[in-house]
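What follows is each chain in one-letter form.
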Amino acid sequence: MTSAKYNVVEIFDSIEGEGKRSGSLATFIRFAGCNLRCSYCDTSYALFGEKQPCHFERLTLDSLLEKVHHYQVTLTGGEPLLQPSICSLIQRLDEAHEINIETNGAVDIRPVRNTSPSRHLFFTIDYKLPSSGMEKHMIRDNFENLRKEDVVKFVIGSYDDEIRTLEIADWLEEYYDKENLPQIYLGTVNGKWENERIVELMKKTPSLNKAHIQLQLHKIIWDENKRGV
């Protein structure tokens, strides 16, 4: 049994606000620390070295698992894959839960995929577009090692972001056969881009015809700055 401890900012039960489980209940585990600094980050309280302090608990594997109440679990951050013993947690969770790993595209997903190949686990992986300021950190191999259960997420906040989304969506369609193409979800940088434009983009772009728009339900139901929802 691992004696590792995990840096946990918060654990809470709520609905999935976006992605393929949108609207369904899950237990969220938010870890501290991230290797990126996106321009639109809305969880800066989970980052180290920012103007506001990052408050977190050091939890053992067993104490963390005791706080998981739902079949569906989402690992998020920060960046969950930076936790040194994340594979140990995933292996234990995989015994009884479906796991969504929200990852930023800048940490290699293959160690987790190789350790926990279960279809109870899927990745929601961001492709960081130009307006994020972090596109240069994207690991190409991450987007070449996905399954049809996985999600590629694009958060659009500019015209350049739209163009890059089209390029990556076309590449994904060419790289994967139709049976194994990962799912594509499109969202907007809050207050920076219009959802109507996303729908028009989906309508006129063949590689996005089967994509999904996501509206961040948690920011519609609750105040957009409210935590633990």
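Scroll up for the structure.
Residues numbered from 1 in each chain as written. Predicted model: local features only at pLDDT ≥ 70, side-chain atom pairs only at ≥ 80, totals over all residues. Heavy atoms only, no water.

**So, the sheet that holds strand E9 (residues 212-213)**
The condition is simple: DSSP-based pairing: two strands are paired if at least 2 bridges between them are found. Working definition: helices are DSSP H or I runs of at least four residues, strands are E runs of at least two. Numbering for both runs from the N terminus. Two residues form a contact once any of their heavy atoms are found within 4.5 Å. Note on definitions: angles span 0 to 180 degrees between N-to-C directions of axes, and those axes are lines fitted to C-alpha atoms, for helices only across the stretch in contact.
Spatially, E3-E1-E2-E4-E5-E6-E7-E8-E9 is the arrangement adopted by the nine strands of the open sheet, whose pairing is mixed. Either end of the sheet is taken by a strand with one partner, and the two such strands are strand E3 (57-60) and E9. The sheet contacts of helix H2 (residues 86-93) involve strand E1 (5-15), strand E2 (25-31), strand E4 (72-76), strand E5 (98-103) and strand E6 (121-127), and relative to E4 the element is tilted by about 170 degrees.

**As for a nonpolar patch on the surface**
The criterion, for reference: A patch consists of residues exposed above 30% relative accessible area that lack any salt bridge, with like charges linked at up to 9 Å and nonpolar side chains (Val, Leu, Ile, Met, Phe, Trp, Tyr) linked at up to 5 Å. Exposure was quantified through the Shrake-Rupley algorithm and a 1.4 Å probe, taking into account, for residues, occlusion by the shown protein chains and nothing else. Salt bridge, as applied in this entry: a Lys or Arg side-chain nitrogen positioned within 4 Å of an Asp or Glu carboxyl oxygen. Partly exposed describes any residue whose relative accessible area lies between the buried limit of under 20% and the exposed limit of over 50%, with all areas from a 1.4 Å probe on protein chains only and scaled to the type maximum.
Residues Leu-215, Ile-220 and Ile-221 make up a contiguous nonpolar surface patch of about 300 Å² in total accessible area. Tracing the chain through its elements places Leu-215 in the loop between E9 and helix H6 (217-221). Classification of Leu-215 by relative accessible area gives partly exposed; the value is 46%.

**So, the pairing of E4**
Extensive coverage of E4 is indicated by the burial of five of its five residues. With burial as the criterion, each face of E4 is covered, one bearing Gln-72, Thr-74 and Thr-76 and the other bearing Val-73 and Leu-75. In this structure, E2 lies alongside E4, joined through four bridges in parallel fashion. Across the sheet, the residue bridging to Arg-30 is Thr-76, located in E4. As paired strands, E4 and E5 are joined by four bridges and run parallel to one another. Directly across from Leu-75, in E5, lies its bridge partner Ile-101.

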